[in-house]
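Single-letter residue listing:
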Amino acid sequence: MTVPQPARITRIHTETHDVKTFRVVNANGEKPFAHLPGQCAMLGVPGVGEAMFSIASSPTDNDGFDFSIKAVGKLTRYLHNLPPDSPLTIRGPFGKPFPVTDTLKGKDLIFIAGGIGIAPLRSVIRYVFAHRSDYGTADIVYGARSAADLVYLEEMQNEWPKQKNTRVHLTIDRPEEGWDGHVGFVPSYVKELVPDVKNKIALICGPPVMIKYSIEALLALGFVKPQIYTTLEMKMKCGVGQCGRCNIGHKYVCTDGPVFRADELDELPEEY
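Residues numbered from 1 in each chain as written. Predicted model: local features only at pLDDT ≥ 70, side-chain atom pairs only at ≥ 80, totals over all residues. Heavy atoms only, no water.

Enquirer: How would you sum up the sheet that holds strand β15 (residues 259–261)? Please name residues and give values.
Expert: Read across the open sheet, the seven strands follow the order β10-β9-β8-β7-β11-β12-β15; overall the sheet is mixed. Unpaired on one side and paired on the other, β10 (182–183) and β15 mark the two borders of the sheet. The pairing of strand β7 (residues 108–114) with strand β8 (residues 138–144) spans six bridges and is classified as parallel. Residue pairing in the sheet places Ala113 in a bridge with Tyr142 of β8. Sheet strands in contact with helix α2 (residues 118–130) are β7, β8, β9 (166–172), β11 (200–205) and β12 (228–231), and its direction is about 155 degrees off that of β7. Running over the sheet, helix α5 (residues 208–221) touches β7, β11 and β12 and is turned about 165 degrees from β11. (Pairing = 2+ DSSP bridges. Helix = DSSP H or I, 4+ residues; strand = E, 2+ residues; numbered from the N terminus. Contact = heavy atoms within 4.5 Å. Axes fitted to C-alpha atoms, helices over the stretch in contact; angles between N-to-C directions.)

Enquirer: Give a detailed account of the pattern of salt bridges, specifying residues and quantitative values.
Expert: By the definition in use, this model includes 13 salt bridges. A salt bridge links Arg91 to Glu50, with the nearest nitrogen and oxygen atoms 2.8 Å apart. Taken together, the residues Arg91 in strand β6 (residues 87–94) and Glu50 in strand β4 (residues 49–54) connect sequence positions 41 residues apart. Put simply, Arg167 and Asp139 hold a salt bridge, and the shortest N to O gap is 2.8 Å. In this pair, Arg167 sits in strand β9 while Asp139 sits in strand β8, placing the two residues 28 residues apart along the sequence. What makes Arg167 partly exposed here is its relative accessible area of 40%. (Salt bridge = Lys/Arg side-chain N within 4 Å of Asp/Glu carboxyl O. Buried < 20%, exposed > 50% of the residue type's maximum accessible area, 1.4 Å probe, protein only.)

Enquirer: Account for the sheet that holds strand β3 (residues 40–45), naming residues and giving values.
Expert: Here six strands make up an open sheet; going across it, the order is β4-β3-β6-β1-β2-β5 and the pairing antiparallel. Each edge of the sheet is formed by a strand with only one pairing partner; in this case those strands are β4 and β5 (65–70). Averaged over neighbouring strand pairs, the angle between their axes works out to 40 degrees when direction is ignored. In the sheet, strand β1 (residues 5–14) pairs with β6 via four bridges, with the strands oriented antiparallel. Note on β6: the bridge partner recorded for Gln5 is Ile90.

Enquirer: Quick rundown of α5? Include the residues and the values.
Expert: Between its first and last C-alpha, α5 extends 20 Å over 14 residues, near the 20 Å set by a 1.5 Å rise per residue. Residues of α5 that are buried include every one of Met210, Ile211, Ser214, Ile215, Ala217 and Leu218, and no others. Angularly, the buried residues of α5 cover 160 degrees about the axis, an arc narrow enough to put them on a single face. Looking at the buried positions of α5, the neighbouring elements they touch are β7, α4 (186–193), β11, β12 and α7 (262–265). (Expected span 1.5 Å × (residues − 1). Arc of directions from axis to C-beta.)

Laid out in structure tokens, this is it:
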């Protein structure tokens, strides 16, 4: 098991009313370890707790790791109240990454995310931008309950669309004053966009119901399951397959995933 190492927070950016992005470095002010997009790390505060979070930054980002954390429990609420330069611990990396170095190369990509599910996909997106000539077009479909719940909104509106062959499609669940963008749920929006399925790979992360219906939408458009990847990182706990809390059928999300192809999900029971 990876031993926790001292780390500290160098920057905190408020994304929404309940999501903050934390920049984390090791005791020497450097990235704690190497990782690939889709992998996770354990953050801990002695005396408070430790939990698994997706690394939201790309391996090509050199000034630390980003973790976008929603305040939902004891540890996450404690983290939300910390100031910059606060100490914590980190260990990792954990889990199987997205296949950015082989399968995804040369492919057109569609990223499909809901809510905080954009965090692990941001790592892939930024990696693709850093190696832009290795990949085809990039469509990013992202939705949340309201405009105020959209994470990385400034980055999505001002930086991502400037990348070559990149389109960003934002949606919120219900109409609201001041929003002139798309309104509707993410799986329905995917169907409306009707992406060309040839030479395309889809990457999905979000609430389980969104993942389920997004896969169904893609299949209806003509995708086949080996063209679809998702991550079940929210189910990861210990990271090393010991506690059993991420066990689904004969798989352990922390060691067999969290990244799975849609056809691999067919091997899992309906509970996932």
